[in-house]
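Breakdown of the fold
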Amino acid sequence: MDVARFKKLPLMGIFRALRSDHAEELGEAVISSGLETIEIAMNSEDAAGLIRQVKRLAKGRLMVGAGTVLNLEILKNALDAGATFIVTPVIVPEVMEYCVKNVIPVFPGALTPGEVYAAWSAGATMVKVFPSGTFGPAYFRELKAPFSHIELMACGGVTAENVNLYFSNGASAVAFGSSVFKKESIDRKDFDGIGNSIKRLVTETMTANSVRKNSA
């Protein structure tokens, strides 16, 4: 993962329970929308195969990583498949240690101030605040008061309507999943609708991130 590239468009999409027969059309919709970063959850069926499939399709147009990485065996499978960054729902010490040692971008999940500080101290690229939707954008302002140096990514409850609030309250990035990649939309192959939803998120993210940087 090119972290500098991600920070220019700090928006991450999350594929969870994606089927291989939908991967090509959904991947094309994502690429066409302008999104550049996708996480594939490792608790999906044949997650490693999906990572390989999406990477072949993307041909460098997407940065593809692995999520729900809970131990070293899952980490190895993800990296062997070509994942270029790692996301975890909680702090997993052995995964963090391996990623930091091998200079692999890693986004550990945390929620409480103690967890956020521990994740950053362990070498997080950014700390994934999850589930963000439970506490909302204002929680980021509270976290950034003592942790102004820690980069936070909102995950959970992120929509085009509230992206700007997460950034204005201190988030450095946002991630989305089921709010856009709805099972019913994928099943009926509404890839144009999914792509349009992502385009809106991309536009809102670029605008909000620019405002955040200019006001820093």
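Residues numbered from 1 in each chain as written. Predicted model: local features only at pLDDT ≥ 70, side-chain atom pairs only at ≥ 80, totals over all residues. Heavy atoms only, no water.

Moving on, we get to helix α3 (residues 47-58). An ideal rise of 1.5 Å per residue puts 16 Å on twelve residues; α3 measures up with 16 Å between its terminal C-alpha atoms. Residues A47, A48, G49, L50, I51, V54, L57 and A58 constitute the buried set of α3. Buried residues along α3 sit in contact with α2 (20-33), β2 (37-41), β3 (63-67) and α4 (72-81). K59 lies just past α3 and shows a positive phi near 50°. (Helix = DSSP H or I, 4+ residues; strand = E, 2+ residues; numbered from the N terminus. Expected span 1.5 Å × (residues − 1). Buried < 20%, exposed > 50% of the residue type's maximum accessible area, 1.4 Å probe, protein only. Contact = heavy atoms within 4.5 Å.)

So, about the pattern of salt bridges. Overall, the coordinates contain eight salt bridges when judged by the stated rule. Between K76 and D80 there is a salt bridge, with its nearest N and O atoms 2.8 Å apart. Of the two residues, K76 and D80 both sit in helix α4, four residues apart, roughly one turn of that helix. Measuring nitrogen to oxygen at the nearest pair gives 2.7 Å for the salt bridge that ties R200 to E161. A residue pair is termed long-range when its members are at least 10 positions apart, and R200 in helix α11 (residues 191-215) and E161 in the loop between β7 (152-155) and α9 (163-168) qualify at 39 residues. (Salt bridge = Lys/Arg side-chain N within 4 Å of Asp/Glu carboxyl O.)

What follows covers the nonpolar core. Side chains of a nonpolar character, in soluble globular proteins, are inclined to be buried together. Counting 65 residues, the largest nonpolar core has I86, F181 and I198 as the members making the most contacts within it. Residues in contact with I198, not counting those within four places in the same chain, are V30, S33, L35, F176, V180 and F181. Membership of the second largest hydrophobic core comes to twelve residues, among which are F85, V87, M153 and A173. (Core = buried A, V, L, I, M, F, W, Y, C linked by side-chain atoms within 4.5 Å.)

Spanning 14 residues, α2 covers 20 Å between terminal C-alpha atoms, matching the ideal 20 Å at 1.5 Å per step. In the core, the buried residues of α2 are packed alongside β1 (11-15), β2, α3, α10 (183-187) and α11. G34 sits one or two positions beyond α2 and adopts a positive phi of about 100°.

Spatial relationships are all this shows, so hold off on functional conclusions.
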